[in-house]
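Descriptive structure summary
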Amino acid sequence: GKASTALEINTRAGQATVVGMRGMQQQGFAPTGDTLTAVHLDGVFLSNFWGMNGMMFDLERVEVMAGPQGTLYGRNSAAGAVNLITTRPGDHLAAHASLEYGSFNTFRADGGISVPLTDTLAVRVAGTRYTRDALYSDGEAAIDQWAGRLSVNWEATPADTLYLTYDHINTGGTSESGGLYAVEPDGVEQMSPSHGT
């Protein structure tokens, strides 16, 4: 495959995900805010990127379309569109797993298994777990996240296929503090850290 130099995906303390394309990024995360890059998971539009990095596992492919895509993907695609295509259950038994360990007790595990139940019905179970100790002495930027996906593929007839998925994401930990600053009468600034879960 070909890598796209136009796409940038960043995470903030494992919770918020910033998707940018062609130099344009969403800066705020208000529930009513519009995104600049339309992101779809198996054809379903993701209106908010909170926890999106928890869905980035067991992917078959990622499709990137740079440039305005309003004709096909609507108003939230001024920068472009991204399609995340998950791995579908297949007609044979297949499994994969990976483990990572790093500094700050960073631990990541991913895995998935496809099981054909009949000639026309198959299921897939996949999941991921990601934890990391705090990066700062005040407990900021710790990550505790897990996600799971159950998918069923049923070929009812040669021309009709029913594909169902259920995704669940649980994101915890602490966010990196934006901090609130106040100027006291003596001119000393004090920071009041803001914690998030």
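Please refer to the structure higher up on the page.
So, how was this worked out
- Residues numbered from 1 in each chain as written.
- Predicted model: local features only at pLDDT ≥ 70, side-chain atom pairs only at ≥ 80, totals over all residues.
- Heavy atoms only, no water.
- Pairing = 2+ DSSP bridges.
- Helix = DSSP H or I, 4+ residues; strand = E, 2+ residues; numbered from the N terminus.
- Axes fitted to C-alpha atoms, helices over the stretch in contact; angles between N-to-C directions.
- Phe/Tyr/Trp six-rings, centres within 6.5 Å; stacked < 30°, edge-to-face > 60°.
- Lys NZ or Arg CZ within 6 Å of the ring centre and 35° of its normal.
- Contact = heavy atoms within 4.5 Å.

1. Section: the sheet that holds strand S10 (residues 121-132)
If you trace the 5 strands from one edge of the open sheet to the other, you get S8-S9-S10-S11-S12, paired in antiparallel fashion. Looking along the sheet, the strands with just one partner apiece sit at the ends: strand S8 (94-102) and strand S12 (160-173). Within the sheet, the average angular offset between the axes of one strand and its neighbour, ignoring direction, is 5 degrees. For S8 and strand S9 (residues 106-116), the ladder comprises 9 bridges, and the chain directions are antiparallel. Within the sheet, the bridge partner assigned to Tyr 101 lies in S9 and is Phe 107.

2. As for the packing of aromatic side chains
Under the definition given, this model contains 0 aromatic pairs. One Lys or Arg, Arg 88, reaches over the ring of Tyr 163 and ends 3.8 Å from the middle of that ring. Just above the ring of Tyr 130 sits the side chain of Arg 108; from NZ or CZ to the centre is 3.9 Å.

3. Quick look at the side chain of His 40
Relative to the assigned elements, His 40 resides in strand S4 (residues 37-41). Not counting residues within four places of it along the chain, the set of residues in contact with His 40 comprises Phe 45, Tyr 73, Val 82, Asn 83 and Leu 84.

4. What about the pairing of strand S11 (residues 143-157)?
Two strands pair when backbone bridges link them, and S10 and S11 are joined in this way by 12 bridges, in the antiparallel orientation. Across the sheet, residue Val 123 finds its bridge partner in S11, namely Val 152. Of the strand pairs in this sheet, S11 and S12 are connected by 14 bridges, and their pairing is antiparallel. Paired with Asp 144 across the two strands is Gly 172, which belongs to S12. Turn length for the S11-S12 hairpin, with the two strands adjacent in sequence and antiparallel, is 2 residues.

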